[in-house]
Amino acid sequence: MDKKDIQAWQQEKAKELFAYSHKLLDAAKDLSAHHLEEIQWGMKNAMESAKSAAKNDLTKLKELQESATKEAAKRATVYQKKVKSVLRDIGEDAADGTEKHLEKVRSSLVSWLEDVEDKIPGHADKLSKVVHEMSTAGQKMFKEGRKIVNQVADAAEKNIEEHLRKPSDTKKKSK
């Protein structure tokens, strides 16, 4: 690589890092907005409960607590989905970027091997084929790994949702 190639590569990397830092900043803003929304809702409920407690209105306080509990469960599910969406977007972008870089590395390695095949004595073509097959297998493994990670995350989310539903179902049955 000559000096111009290195500078071009450095500029490309700087642009990528800048773009990714903006994506992370946007994700942080989204997460902060979701979190602030929940804090404001919690503060509103706390104020209503404090007013009822100050008036010594225990029936209204009990009603507020019951409705707040039900609403909190609903809001927690919505909040979880919002956060998961933001994190999944970041993860997909990172994985896409990684996959793109792995492909560049693989193609560079393969082209380098093709260039040096004539210079390396005996069995260079076999070495080239092995490296090519290994890099292709690595790329396929990366893609499969992404699929597995996404499947595990989806299964975990379903398990959490089922777990959150089960206590409410058993309470309804016991009443």
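Given the structure is predicted, the values throughout are model-derived calculations rather than measurements.

**Structural notes on the overall build of the protein chain**
Here comes step 1: When helices and strands are tallied, the protein chain shows 3 helices and 0 strands.
Here comes step 2: Order of helices (α) and strands (β) in the protein chain, N terminus to C terminus: α-α-α.
Here comes step 3: For the protein chain, the proportion of its 175 residues judged to be buried stands at 15%.
Here comes step 4: For the protein chain, the proportion of contacts with a sequence separation of at least 24, taken over those separated by at least 6, is 77%.
Here comes step 5: With an accessible surface of roughly 13,700 Å², the protein chain has 61% of that area assigned to carbon and sulfur atoms.

**Side note on the environment of tyrosine 79**
Here comes step 1: Structurally, the position occupied by tyrosine 79 is in helix α2 (residues 58–116).
Here comes step 2: The spatial distance from the C-alpha of tyrosine 79 to the C-alpha of glutamate 37 is 9.5 Å, given a sequence separation of 42 residues.
Here comes step 3: Look past the residues within four positions of tyrosine 79 in its chain and what remains in contact with it is His34, His35 and Glu38.

**A word on the pattern of salt bridges**
Here comes step 1: Counted according to the given criterion, the structure contains 4 salt bridges.
Here comes step 2: Between glutamate 16 and lysine 13 there is a salt bridge whose closest N-O contact spans 3.6 Å. Here lysine 13 and glutamate 16 lie together in helix α1 (residues 3–54), a separation of 3 residues that amounts to about one turn.
Here comes step 3: Judged by relative accessible area, which is 19%, lysine 13 ranks as buried.
Here comes step 4: Arginine 75 is the partner of glutamate 71 in a salt bridge, and the nearest nitrogen-oxygen pair spans 3.9 Å. Here glutamate 71 and its partner arginine 75 are both found in helix α2, 4 residues apart, which amounts to about one turn of the helix.
Here comes step 5: In this structure arginine 75 comes out as buried when scored by relative accessible area, which is 17%.
Here comes step 6: When salt bridges that share partners are traced, they join Glu38, Glu71 and Arg75 into one network.

**Looking at the packing of α1 against α2**
To characterise two packed helices, one gives the angle between the axes of the helices and the distance between these axes.
Here comes step 1: Closest axis-to-axis distance for the α1/α2 pair is 10 Å, and the angle between their directions is 175°. Classified by the angle between their axes, α1 and α2 sit roughly antiparallel to one another.
Here comes step 2: For the contact of α1 with α2, the per-class residue count stands at 15 nonpolar, 6 polar and 15 charged.

**Thoughts on α1**
Here comes step 1: In this model, α1 (52 residues) spans 74 Å end to end at C-alpha, consistent with the 76 Å of a helix rising 1.5 Å per residue.
Here comes step 2: For α1, the full list of buried residues reads Lys13, Ala27, His34, Trp41, Asn45 and Ser52.
Here comes step 3: At the C-terminal side of α1, asparagine 56 shows a positive phi close to 60°.

**Comments concerning a nonpolar patch on the surface**
Here comes step 1: A surface patch of nonpolar side chains, about 290 Å² in accessible area, is lined by Leu36, Ile39 and Met43.
Here comes step 2: Inspection of the secondary structure assignment puts methionine 43 in helix α1.

**A word on the confidence of the model for the protein chain**
Here comes step 1: For the protein chain, per-residue confidence averages 78 on the pLDDT scale, and 88% of positions sit at 70 or higher.
Here comes step 2: The element-level mean pLDDT for the protein chain is lowest in helix α3 (residues 124–174), coming to 71, with α1 highest at 85.

Analysis parameters
Residues numbered from 1 in each chain as written. Predicted model: local features only at pLDDT ≥ 70, side-chain atom pairs only at ≥ 80, totals over all residues. Heavy atoms only, no water. Helix = DSSP H or I, 4+ residues; strand = E, 2+ residues; numbered from the N terminus. Buried < 20%, exposed > 50% of the residue type's maximum accessible area, 1.4 Å probe, protein only. Contact = heavy atoms within 4.5 Å. Areas by Shrake-Rupley, 256 points an atom, 1.4 Å probe, with all protein chains shown as cover. Salt bridge = Lys/Arg side-chain N within 4 Å of Asp/Glu carboxyl O. Axes fitted to C-alpha atoms, helices over the stretch in contact; angles between N-to-C directions. Parallel < 35°, antiparallel > 145°, perpendicular 65-115°, else oblique. Nonpolar A, V, L, I, M, F, W, Y, C, P; charged D, E, K, R; others polar. Expected span 1.5 Å × (residues − 1). Patch = residues over 30% accessible without salt bridge, like charges linked within 9 Å, V, L, I, M, F, W, Y side chains within 5 Å. pLDDT = per-residue confidence, 0-100.

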